[in-house]
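# Commentary on secondary and tertiary structure
Chain by chain, the residues run as shown.
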Amino acid sequence: MTSNADAVEIFRTIADLLDLLGEKFKPEAYRRAARSIESLTEDLGAVSARHELRSIPGVGEAIEEKIDEYLRTGSVSYYERLKREIPPGLVELMRLPGLGPKTARRFWVELGIEGPNELRDAIAAGRLAGVKGFGEKKIEQIRSALVAAAAGPGATRRPIEEVYPVARALVDALRTGAGAERVEVGGSFRRARETVGDLDILVTSKDPPRAFEVFSAHPLVAEVKMRGETKETVLLTGGFQVDLRVVQPEEFGAALQYFTGSKDHNVRLRSLARDRGLKVNEYGVFRGDERVAGATEEDVYASLGLAWIPPELREDRGEIELAARGAVPSLVAESDLRGDLHVHLTADARPDEVDRIVAEARQRAYAYIGVVVGGVRADGTGWLLPAATRARLSEIRSPGLRITRALETGLSAVPKEAESAGVDFRIVVPTSLPSGVPESQADPAPAALFAHIGSSVASDAAAVKRWVEEARRNAAAIEVGPGPERLDSTAARQARESGVLLHLPTAFGAAADDPTLRVALGFARRAGATPKDVANARSQNEVSDAGSGPKRGRKGTSNAPPRSPSAKKRAA
DNA sequence: GCCGTTTTCGGCCCGACTGTTTTCAGTCG
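Residues numbered from 1 in each chain as written. Chains lettered and ligands numbered in written order. Predicted model: local features only at pLDDT ≥ 70, side-chain atom pairs only at ≥ 80, totals over all residues. Heavy atoms only, no water.

### Here we look at the overall build of chain A
The secondary structure content of chain A amounts to 23 helices and 18 strands. A total of 572 residues make up chain A; the buried ones form 49% of that total. Carbon and sulfur atoms make up 51% of the accessible area of chain A, which amounts to about 26700 Å² in all. (Helix = DSSP H or I, 4+ residues; strand = E, 2+ residues; numbered from the N terminus. Buried < 20%, exposed > 50% of the residue type's maximum accessible area, 1.4 Å probe, protein only. Areas by Shrake-Rupley, 256 points an atom, 1.4 Å probe, with all protein chains shown as cover.)

Laid out in structure tokens, this is it:
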């Protein structure tokens, strides 16, 4: 069995092994290819079958051959040979913080050390003392890195929704307490990647030392790792790393662009600049010694002949070409949202909860909401909101707001007891009725939305593909956002490219700083979604048309949610 | 090993910081 993730790991390790051999440019070439493969929305096997491997950025003749060999045989002979040449323990060594390929190689060549255990013993035996380039501090640094590595994996990337509150707290502290004028978070957080390895915070300040003081005194900060003139690195409790950089106002745009990345995007930008006789760094865009841009990101891109590119697209996946043609898509934004088809109440909600939801929808100026009135539990039994609450839903009127009722069911599994709910459309969730549970024979309401779909793409790309295909066949939207039950940005891109609309959770009833919607928007934007690609950014009219794509098989008849008579008239 | 509105060969982002140096190499992002 082959997988993209497996191929990525092979190419990453090849890069590390080549690093250890002292190769200059090959390692980056293999890493580049690995990053590209990681962000693919389909299996390498499918790309290979179409003979399109070379269209993957960073994949040329040699890497194409290795991918094909991997797909055929499950292994790569070049990789196997490198592993025989170089002790695998050296890769572990060079991955220790503060150590790199050069140092690991010196241990191997000069001291015969082939792995972490041997290095630990060598340090204990004093064999490093007196070796050129290894002073007391360096040896101590290595010793503690070894101890940390032995204690288990260090700080790993964290889900972006967990990082939101941390980012917010630090940004607030810098704004209010540190005299910082502009404050922005860059890095993969700003690009809305699913996971974030560290935070890069940029500020302008007339008093940098004060910014550093306030920052390192923040209650979340456990340890100051490093402080220079313009940059400070701290570790939070739990080991999460945050970098603070203080820049001049005239550099702010260039610095934000630079520290937002991605690496591949920046490399492309730099070579584009070089071709035009310009130089880009974090201080600005320069022609010789003259700064031609730097205060804003728009200036930086414009000086290179490019339209501004939303951070979520900066992955070198064709966005620079789009920006050169002035064809960057207008990605969906919060202000585009016009409703929510998936509003949950608690199962025992009282009628006044309905009024609360409606008030919130009005406050957001939404045109429609779909409220879940019942569904099917894992054991196959149905549940419904209390009768009085359902009655309130049916009778409540709110000018300009259409209220529809949804039932959560399996793809075809509608429990008989949920029949009486009187619903407008179904939300399909991954469940099936156990044998013996009576299934409704009535014509079910159409499926307009697929939700609660387990979607960690890395773990089961095939399952995501099946759900996207089912959503497409039902002409239903599919939910995108944080958490294991929603599609991530890679799966969202796959859905969008298959012509499936995305649905964003708008977090009814949540606290003002709840990150769910922001993260969902970020994922949708990473997937390249414009308002037209998002079900709940469409007008009520268009949403009512959700069932007008490829026809459902079986029992599907009407569109969902049903159009109001006036909507039908307008559409006609 | 990849790549090309100057190139199919000759480039490949670039600056901050640390430690160990006495002018710089290695690592990191």
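### Concerning the layout of surface pockets
Looking at the second largest pocket, its volume works out to about 1000 Å³. In this structure, the second largest pocket is lined by 36 residues; those nearest its centre are Tyr-164, Arg-168, Glu-334, Arg-518 and Val-519. Breaking the lining of the second largest pocket down by element, the ones donating at least two residues are helix H10 (160-177), strand S2 (180-185), helix H11 (187-190) and helix H21 (516-526). With 8 residues, H10 is the largest single contributor of residues to the lining of the second largest pocket. (1 Å grid on protein atoms, 1.4 Å probe; cavity = no way out; pocket = protein on both sides within 12 Å on 5 of 7 lines; lining within 4 Å. Points joined across faces, edges and corners; volume = space filled by probe spheres on them.)

### Looking at the protein's contact with DNA strand B
Surveying the vicinity of DNA strand B reveals 43 residues, the closest of which are Gly-60, Gly-100, Thr-103, Gly-135 and Tyr-283. Of everything in DNA strand B that lies within 4 Å of the protein, sugar and phosphate atoms constitute 78%. Between DNA strand B and the protein, one listed contact pairs a phosphate oxygen with a backbone N or O atom of Gly-60 at 2.6 Å. A distance of 3.4 Å is found between a phosphate oxygen of DNA strand B and a backbone nitrogen or oxygen belonging to Thr-230. Elements with a minimum of two residues in the surface near DNA strand B: helix H2 (26-38), helix H4 (61-73), helix H7 (101-111), helix H9 (136-150), strand S5 (221-227), helix H14 (263-275) and strand S8 (279-281). By residue number, the principal contributor to the surface near DNA strand B is H14, which donates 5 residues. Residue composition of the surface near DNA strand B, grouped by class: 16 nonpolar, 11 polar and 16 charged. (Near = heavy atom within 4 Å. Polar contact = N/O pair within 3.5 Å; in protein donor to acceptor, adjacent residues only side chain to side chain. Nonpolar A, V, L, I, M, F, W, Y, C, P; charged D, E, K, R; others polar.)

### Section: the side chain of Arg-486
Turning to its location among the elements, Arg-486 is positioned in the loop between strand S17 (477-479) and helix H20 (489-497). A polar side-chain atom of Arg-486 sits 2.8 Å from the main-chain carbonyl oxygen of Pro-482.

### Topic: the side chain of Gln-257
One can find Gln-257 in helix H13 (residues 252-260). For Gln-257, a relative accessible area of 1% corresponds to the buried category. Leave out the neighbours within four places in its chain, and Gln-257 touches His-265, Asn-266, Leu-269, Glu-297, Val-300, Tyr-301 and Arg-314. (Contact = heavy atoms within 4.5 Å.)

### Regarding the confidence of the model for chain A
The share of residues in chain A with pLDDT of 70 or more is 89%, and the mean pLDDT across the chain is 86. Taken together, the stretch residues 546-572 has pLDDT below 50 and engages in 51 contacts with residues farther than four places along the chain or on a different chain. (pLDDT = per-residue confidence, 0-100.)

### So, H4
Given a rise of 1.5 Å per residue, 13 residues ought to cover 18 Å, and the 18 Å separating the end C-alpha atoms of H4 matches this to within 8%. Turning to H4, its buried residues are Ile-63, Glu-64, Lys-66, Ile-67, Glu-69 and Tyr-70. Tucked inside the fold, the buried residues of H4 contact helix H1 (4-20), H2, helix H3 (44-49) and helix H5 (77-85). Downstream of H4 by a residue or two, Gly-74 has a phi angle that is positive, lying close to 85°. (Expected span 1.5 Å × (residues − 1).)

### Quick notes on the nonpolar core
By size, the foremost hydrophobic cluster in this structure holds 86 residues, and its most contacted members are Leu-199, Ile-201, Val-242, Ile-369, Phe-450, Ile-478 and Leu-504. Broken down by element, the residue count for this core peaks at 7 residues, all from H10. Dropping the residues within four chain positions of it, Leu-199 is found in contact with Val-163, Val-166, Ala-167, Val-185, Phe-189, Phe-240, Gln-241, Val-242 and Asp-243. Counting residues in each nonpolar core, the second largest holds 47 residues, with Leu-40, Leu-44, Leu-111 and Leu-128 among its members. (Core = buried A, V, L, I, M, F, W, Y, C linked by side-chain atoms within 4.5 Å.)

### Quick look at the sheet that holds strand S9 (residues 284-287)
Taken in spatial order, the 3 strands line up as S8-S9-S10 in an open sheet, and their pairing is antiparallel. Only two strands of the sheet have a single partner each, and these edge strands are S8 and strand S10 (290-293). Pairs of neighbouring strands in the sheet enclose a mean axial angle of 35°, with direction left out of account. In this sheet, S10 lies alongside S9 in antiparallel orientation, the contact comprising 3 bridges. Looking across to S10, one finds that Arg-287 is bridged to Glu-290. (Pairing = 2+ DSSP bridges. Axes fitted to C-alpha atoms, helices over the stretch in contact; angles between N-to-C directions.)

### What about the pattern of salt bridges?
In total, this model carries 40 salt bridges according to the counting rule given. Across the pair Arg-227 and Glu-232 runs a salt bridge, and its minimum N-O distance is 2.5 Å. Note on Arg-227: relative accessible area 39%, which makes it partly exposed. For Arg-493, the salt bridge goes to Glu-497, with nearest N and O atoms at 4.0 Å. In this pair, Arg-493 and Glu-497 are both assigned in helix H20, 4 residues apart and thus about one turn of the helix distant. In this structure Arg-493 comes out as buried when scored by relative accessible area, which is 18%. Salt bridges sharing common partners tie together Asp-16, Asp-19, Glu-28, Arg-31, Arg-32, Arg-35, Arg-95, Asp-264, Arg-268, Asp-316 and Glu-321. (Salt bridge = Lys/Arg side-chain N within 4 Å of Asp/Glu carboxyl O.)

### Description of helix H12 (residues 208-216)
Burial in H12 covers these residues: Ala-211, Phe-212, Phe-215 and Ser-216. The buried side chains of H12 occupy one side of the element, clustering within an arc of 120° when seen end-on. As for H12, its buried residues are in contact with H10, strand S4 (198-205), S5, strand S6 (231-236) and strand S7 (241-247). (Arc of directions from axis to C-beta.)

### Considering the packing of helix H8 (residues 116-124) against H9
For any two helices packed against each other, the geometry comes down to the angle between their axes and how far apart the axes lie. Direction vectors running N to C along H8 and H9 enclose 140°, while the axes themselves pass 11 Å from each other. One finds that H8 runs oblique with respect to H9. Two packed elements cross with a definite hand, and for H8 against H9 that hand is left-handed. Contact with H8, carried on its side by Pro-116, Leu-119, Arg-120 and Ile-123, involves Ile-139, Ile-142, Arg-143, Leu-146 and Ala-150 of H9 and no other residues of that element. (Parallel < 35°, antiparallel > 145°, perpendicular 65-115°, else oblique. Left-handed = near helix turned anticlockwise from the far one by under 90°.)

### Observations regarding the packing of aromatic side chains
Under the counting rule described, the total for this entry stands at 7 aromatic pairs. Considering the side-chain rings of Tyr-164 and Phe-189, the 4.9 Å spacing of their centres and the 50° angle between planes classify their relative orientation as tilted. Remark: Phe-189 occurs in helix H11 and Tyr-164 occurs in helix H10; sequence separation between them is 25 residues. With relative accessibility at 21%, the residue Tyr-164 sits in the partly exposed group. Between Tyr-258 and Phe-259, the aromatic rings sit 4.8 Å apart at their centres with planes inclined by 90°, giving edge-to-face as the arrangement. The exposure class assigned to Phe-259 is buried, which follows from its relative accessible area of 14%. The structure contains a cluster of three or more aromatic residues connected by ring pairs, namely Phe-11, Tyr-30 and Tyr-78. Positioned above the aromatic ring of Tyr-78 is the side chain of Lys-66, whose terminal nitrogen or guanidinium carbon lies 4.7 Å from the ring centre. (Phe/Tyr/Trp six-rings, centres within 6.5 Å; stacked < 30°, edge-to-face > 60°. Lys NZ or Arg CZ within 6 Å of the ring centre and 35° of its normal.)

### Focus: the pairing of strand S16 (residues 447-450)
In regular strands, side chains alternate between the two faces of the sheet. Sheet topology note: the strand S15 (residues 425-428)/S16 ladder contains 3 bridges and is parallel. Bridge assignment links Arg-426 to a residue of S16, and that residue is Ala-447. Note: S16 against S17, 2 bridges, orientation parallel. Bridge pairing in S17 links Phe-450 to Ile-478.

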